[in-house]
Every structure is written in structure tokens, then in C-alpha cells.
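Each chain, letter by letter, is given below.
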Amino acid sequence: MCLTALLPGNVRAEGIDTEHLFGFMIGTDIGNVGEREFQSQATGRFARNGGSYRAIGQEFELEFVPVKNVRVELGTTFSSRHISGVPGLEDQRRWSWEDLSVDLRYRFLERDAAPFGFTVAVENHASRVDESTAAAVRSYGTEFTLAFDRELIPNVAVAALNLTYQPEWTRVIGTGAAEQESIGAAVGLMAQLRPGFFLGGEARYLRRYGLEEIAGHALFVGPTAYFQLSPRTRLTAAWSTQARGRPAGSNAALDLVNFERHHARLIFGVNF
């Protein structure tokens, strides 16, 4: 209830827009033709097996809606990492420019005209730093996402489902090691407690492969909050913690070899 006090009282609800409603997922809405947005997305990943691990990525994005049902997003990421005493990882304390990305989305079904919304997203990225180890690499990857959502209670509650597949080809400079892929599924539920303020949660299941063999899997769960600060600005905050997981060849209750213990994300966006 204290969070609702942060929302300006003059913000009005005009139906649920799921485009930026979730933290670690995507909705099926893509905006109106001619709409332009700038977005700042900070993602933190904390705690691995033993030692100290902290990785923070800051992504800046420009989004455009050139024609109906099509959205284009251009982004670049800067990152900061502190790794010390983590088994299997070299100690690192560095800041670097990490990658460039292009995200294309096409909405096949609108919720107003169909039982549910359906959007396909394809994100391509080229990286020069490995997001987990901070090693210098040449990495190219694509993330395919099938996004579905449906309003359970009109203008009050919405549920979403994401299915993802992400092949990635990575060459570590100096070693020649290459490739990995991951699949995932996520569900989310958000409810509007007052106009422009949503509160809910997300659950994500991730499975990672290397050399065609499973490397590990993990289940993340946590809360998400969305604030419509003004007609042109918004803020999304999400926290996710690993509830279950297991690396390959281990009986551990969590996979802290391939994944972190905690994920956090803060997204600020403005229309212009």
C-alpha cells in the first residue's frame, strides 16, 4: 500500500497496455504507429557458487513503431562486474561496453479482437564480453520469444506466458571454446491496484545447454511492480530469486554454477 502513494493522482487508466508491464517478460502490445520511446534498463545479477559475484548491466534502447503491429528496438549495453573467489571463474573487477542488439516484434493477434494476444519477438545481438564470466569473446546470438497474454478481469488483471529459445555462438578469445543454447518458459500475473499502478509477480524456468548436453536448469520467482508516472513516463521494478535448480551431475538444490541466486531489474521509459 505504501508503494501506491508514489503514483501521481492525476494518472488515468485507459485499458491495460502490456508492452512494458513486466520486468523479465514481454507483453503482446507494441504501441501505436509513429510512437517513439527511449528506455533505460538496469539489470543486476548477484551471488554464485562460493566467493563474491556481482554483475550489473545498463542497457539503453530506442523503440519505434513504423507500421501497425510492427515494433523495432535498437539497444546497446554497458556492464560492470565484480567477481572474486568464485570456483571456475577468473577474478574480475571491470567496466566495459558489452553489446549491440536489434529487437523486432510482430503482433499477430490483438486481445480486443481475439481470445488472447499473440506476438513474436526476435532479438539479435553481438557481444564482445561474456555476460557471466566477463571474459573477452566474440559472441552472436538470437532470442526467439512467443508471447501470449489475456486479461482475466478487464482493466484489472492480466496474465502472460512467454516461451523462449536462445541459440548463441561464442568464441572465447585465446581458447577457441564456442557455442551454447538455452530454452525457457515464463508466466506472469499483474493486477491494477489503482489507476496506473500494477503489482504482481513472475515465474521463469530456464534450461541451459552446452555442446548439446544439458548444463543445468533453474526456476526463478519474484514480485514485479509497474508505475505509470505520467502520460509519457513509466517505471517497472522486478526482483527474482532462484527457488529451485540443479547443475548437471550434481544433487544440489540450486544451480549456482550456470545461474545466479538473485536477479533484479529496473526499467524507466519515456515517450517522445
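In case you missed it, the structure is sitting above this.
The present account deals with the structure reproduced in this document. Here the structure is a predicted model, which is why all the values come from computation and not from measurement.

Residue placement: Thr 145 occurs in strand E6 (residues 136–153). Beyond its immediate chain neighbours, meaning those up to four positions away, Thr 145 contacts Ile 26, Thr 119, Val 120, Ala 121, Asn 162, Leu 163 and Thr 164.

Next up on the list: empty space enclosed by the protein. Following the criterion strictly, the structure yields one cavity of 30 Å³ or more and no others. Space inside the largest cavity adds up to approximately 30 Å³. Glu 19, Ile 30, Glu 35, Arg 36, Glu 37, Glu 63, Phe 64, Val 65 and Arg 71 together form the lining of the largest cavity. Elements represented by at least two residues in the lining of the largest cavity include exactly strand E1 (36–46) and strand E2 (52–64). Per-class residue counts for the lining of the largest cavity are three nonpolar, no polar and six charged.

Bringing the sheet that holds strand E12 (residues 262–271) into the picture now. Taken in spatial order, the 12 strands close into a barrel running E1-E2-E3-E4-E5-E6-E7-E8-E9-E10-E11-E12, and their pairing is antiparallel. Pairs of neighbouring strands in the sheet enclose a mean axial angle of 20 degrees, with direction left out of account. Here 12 bridges tie strand E5 (residues 117–129) to E6, and the two strands are oriented antiparallel to one another. Bridge pairing in E6 links Ala 126 to Tyr 140.

Conventions adopted
Residues numbered from 1 in each chain as written. Predicted model: local features only at pLDDT ≥ 70, side-chain atom pairs only at ≥ 80, totals over all residues. Heavy atoms only, no water. Helix = DSSP H or I, 4+ residues; strand = E, 2+ residues; numbered from the N terminus. Contact = heavy atoms within 4.5 Å. 1 Å grid on protein atoms, 1.4 Å probe; cavity = no way out; pocket = protein on both sides within 12 Å on 5 of 7 lines; lining within 4 Å. Points joined across faces, edges and corners; volume = space filled by probe spheres on them. Nonpolar A, V, L, I, M, F, W, Y, C, P; charged D, E, K, R; others polar. Pairing = 2+ DSSP bridges. Axes fitted to C-alpha atoms, helices over the stretch in contact; angles between N-to-C directions.

So yeah, pure geometry; function would need other evidence.
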